Amino acid sequence: MRRLRGLIAGALLLAASPGGAGGPGETQSPQDRNAQFTLRSEVDAHKIGVQDPLQLTITVEGSNAPDEIPLPPLVNLEVTAGPFQSSQISIVNGRMSQSRTLSYVLQPRAVGKAEIGAVQAGGQSTAPIAVDVVAGAIRPKEPQRQDPFGRDPLGDPFEDMFGARRRGRSETLRVQMEAQPSRSRLHVGEPLVLTYWLYTQASVADLQFKEAPQYAGFWVEDLEREKVSPSGEAASLEGQSYRRFPILRKLLFPTKAGTLTIPASVFRVGIARTSFFDAGGTIERPTKPVTITVDPLPDAPGFSGAVGHFKATASLDRDTVPLGEAATLRFRVEGTGNLKWVDRAPELLVSGAKVFPPQSKSDLRTTESGVSGSRSWEFVVVPETSGAIEIKPMAFSYFDAGAGKIVSSETAPLTLKVAGGTAAAGLPQAPGLSAAARATGALPLRSELDRHAGWAPGPRLLASLVGLALVLHAGLIGLGMRGGGSYGSAHAASSRSVRAALRELERVSREPMTKEQAAALVEKALDEAMGGIADADDSERAGAIRALLDDVRFVRYAPQLGDYSEKLKDLAARAAEAVRRWA
Amino acid sequence: MGVSARGPLLAGLLLAAASAAAGPSEDRFREANDLVRSGDYPRAIAIYGELARAGAESATLYWNWAQAATARGAHGESLWALLRARELDPGDRAVARDVERLREALNLDRAEIAPEPLAVAGRFARRYRLDLVALGLLALSVAAHGAARLRRAPRGGLRVAGATLVLAVAAAAVPLAASFARPTAAVVRRGAPLVDAASPSADATGTLREGEVVPVLEASGDWLRVEDNAGARGWVHQADVRRLDTAPAAQPRD
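One structure accompanies this document, and this report is about it.

What counts and how
Residues numbered from 1 in each chain as written. Chains lettered and ligands numbered in written order. Predicted model: local features only at pLDDT ≥ 70, side-chain atom pairs only at ≥ 80, totals over all residues. Helix = DSSP H or I, 4+ residues; strand = E, 2+ residues; numbered from the N terminus. Buried ≥ 20, exposed ≤ 12 C-beta atoms within 10 Å, placed from the backbone. Contact = placed C-beta atoms within 7 Å. Pairing = 2+ DSSP bridges. Axes fitted to C-alpha atoms, helices over the stretch in contact; angles between N-to-C directions. Nonpolar A, V, L, I, M, F, W, Y, C, P; charged D, E, K, R; others polar. Core = buried A, V, L, I, M, F, W, Y, C linked by C-beta atoms within 7 Å. Domains from an automatic or database assignment. Arc of directions from axis to C-beta.

The helix and strand inventory of chain B stands at eight helices and seven strands. For chain B, the residues scored as buried account for 45% of the 254 residues in total. Of all intrachain contacts in chain B linking residues separated by at least 6 positions in sequence, the fraction that spans at least 24 positions is 60%.

Residues and elements named next belong to chain A. An order of 22-24-26-25 is seen for the four strands of this open sheet, with the pairing classed as antiparallel. The open sheet has two edge strands with one neighbour each: strand 22 (308-316) and strand 25 (353-367). Strand-to-strand twist across the sheet, computed as the mean angle between neighbouring axes with direction ignored, equals 15 degrees. Where strand 25 and strand 26 (residues 370-383) come together, 13 bridges link them in antiparallel fashion. By the bridge assignment, Gln359 is partnered in strand 26 with Glu378.

With that out of the way, let us pick up the interface of chain B and chain A. Contact with chain B, which involves 52 residues of that partner, is made by 50 residues of chain A. Elements with a contribution of two residues or more to the side of chain B that touches chain A: helix 1 (3-38), helix 3 (59-72), helix 4 (75-88), helix 5 (93-105), helix 7 (130-149) and helix 8 (157-178) of chain B. Looking at which element gives the most residues to the side of chain B that touches chain A, the answer is helix 7 of chain B, with nine residues. When grouped by side-chain class, the residues that make up the side of chain B that touches chain A number 23 nonpolar, 16 polar and 13 charged.

Here we take up the environment of Gly146 of chain B. Checked against the element boundaries, Gly146 of chain B lands in helix 7. Residue Gly146 of chain B is classed as partly exposed on the basis of its C-beta count, with 18 C-beta atoms lying within 10 Å.

Here we come to the nonpolar core. Residue and element names in this part refer to chain A. Counting 64 residues, the largest nonpolar core has Leu198, Val204, Ala306, Leu329 and Val381 as the members making the most contacts within it. Considering every element that reaches this core, the biggest residue donor is strand 17 (residues 240-254), with seven residues. Inspection of this core shows a minimum of three residues originating in each of domain 2 (172-295) and domain 3 (308-428).

The next thing to look at is the pairing of strand 6 (residues 233-237) of chain B. Residues and elements named next belong to chain B. The pairing of strand 5 (residues 223-227) with strand 6 spans five bridges and is antiparallel. Considered in strand 6, the bridge of Leu224 is made with Val236. In this antiparallel pair of consecutive strands, strand 5 and strand 6, the connection spans five residues, and Gly231 shows a positive phi of 95 degrees.

Residues and elements named next belong to chain A. As summarised here, the arrangement of the three strands in space is 23-30-27, forming an open sheet in which the pairing is mixed. Both edges of this open sheet fall to strand 23 (320-322) and strand 27 (387-391), since each of them pairs with a single strand only. Neighbour-to-neighbour, the strand axes of the sheet open up by a mean angle of 30 degrees, direction not taken into account. When strand 27 meets strand 30 (residues 414-419), the two strands line up antiparallel, connected through five bridges. Residue pairing across strands places Ala388 opposite Lys417, the latter belonging to strand 30.

Before going further, it helps to examine helix 6 (residues 117-127) of chain B. Residues and elements named next belong to chain B. Along helix 6, the residues that are buried comprise Ala119, Ala121, Gly122, Ala125 and Arg126. Angular distribution of buried residues about the axis of helix 6 spans 155 degrees; they occupy a single face of the element. The inward-facing, buried residues of helix 6 contact helix 7, helix 8 and strand 1 (184-187). Remark: Arg129 follows helix 6 within two positions and exhibits a positive phi of approximately 50 degrees.

As structure tokens, this is what we get:
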């Protein structure tokens, strides 16, 4: 569970409770009439066993309390835990006061006398506290708790028996929380103050967030708590009279236009006990959701998103500068608004001088009316020519919500006198100058404006042309397939087929075989190498192959009237030549 | 007028028109160069921008623009101009050398100025004119195929057609693949804010490095949605970045 930021970390106590804070070892509280705070040190027992723990509580109340309270000197005691620190705002009889408490757990070292020395802080001191230490343990043992300080030492003794039932009283108490915006309609970038109020008719001992607030759509800044009377202020809520106290304040800047809602935040409120038989208790109180209407900002060239009231100024750190040395131009924007959002300076152009990118500095504080202060940018200006250099006015545009328009604040023109010297002598070189520039001191400009490389097809045209070419190829293949079969026959013959056909033709001349076998082999070789010949094909190739096949078939089917070996060798030779030529 | 006289006359008219169109650009270019030499870099850059928008883009123009920007201390703008020059003429060695020099001066990693690998393929294709090579090979393959079909090709005409077709498709694939590269832009302002919406009142989610090249995912008005080299996405004002895929559309913020 998150504790409230700031001072609301502990309890809000009503009047009667401080009386019970004393223990058996309560010490004196030296009251200085001029002091604005009081200092007390207390122990929870003056006589303990050597095995018993001892609780030391140091309390400082009032304003201007010292930040640090040192541990007093201890005799025959040692610290075993602590310090545990809590800050409190107490409302006693309707008056509010602040206090801070440090607690230590001490353990005796040996039987005998022990002493807690004087606590000294802020010019005040408490009296030493003497403690008797006896053998063994003489204090009643408490049930084990995870947090030794988790239980109120002044707790209700009947809580264990009746606690849950007795807490019902708290639920009926009139305690309310309210989140109150300073306004409900504004522009993007305008500030609004959101204050969380506690309205109470009862004694409040503790206040914590159960659900931390969410501010989606807002830039959030913390504000100091509003200073009100310690007794709060009278207020009326839903027809009931309350005392109300500001708990928390936030400065919100909407970052986008539209209807923005700050959802409910739930607080856990601890109610102080009012009597011996009252257990106090804890209740939960939500705030109501807050709806804010955010208008958009107008758009304009050069408008950086600044909203508020600003004034721009520009100044030079010197009026005259020797050639080769630098001057610093400070552009400063001062005012109130969303100055944290402004992160860029206007462009600074100075003819006859180099201007280096600026360094930014901020001096901002958060107030109810926005982020106030100044933001400045320092440009390093390096003159490149002697004489007077004119620096034109620089403009800063912002949205004036009151006027409802974008306003421009311009700086006055400035003049920088550049004395003597020759140009470029001693000028600092920009770190990115090219090798040629560094070597010669002159910029390596190109003199002729060459033209960009000529026409180039775009990707679409290129893809279209590739597609067109593929289509043309496909068309040509289709035509070839339909017209002459040249794709499926000779042209389709692989080199392996051709070699195989030639080997078979060589076999015809070399090996003894019948004329039918030889003719069939020649015909087969021609078919493998040349494929089929279309009837419509009247090319030289087709004619030659047809004639060759006719001769081969004649020999194959002719009666065996003589020796055909020479004829077959001749046919094989002609076939081999045709294969070599056309396959 | 005879047909034979029309050709020279037409050519003369075209030449005259071309010289008339080029003349003012050359004059303005020289004027800008003179301004650079006199130290008036902003005006010179304004003229370079005017010429670029008028279509007189070239590596030379951007080279001079980069020199002027460097002299002003605007290293991001200078790197952008050099990268744009490299886009136009990927074979310009001086530009490539100065890109490297400026990259090192800005302490940028190589990957930070080359977030799109396909853009490298595009520069390769432009440098070697692979688009025109592909077109030439396509024409050759179709011609070879046609000749083979008409039986006027020497032996192996179809092989030539097939081989040139394969080469043409391969050559065309490079520029076609490069056309799928995301457009990029170079950051020209140091610490340019990356915001969560395209609005001047949006929350800043980070900053961009000067000179860093970022892919452009989307454009909306004066804002570009980009992705930085760490993978963070957000909107950046157009005044803080310059696109590398097109000529500067608006007057550079000088």
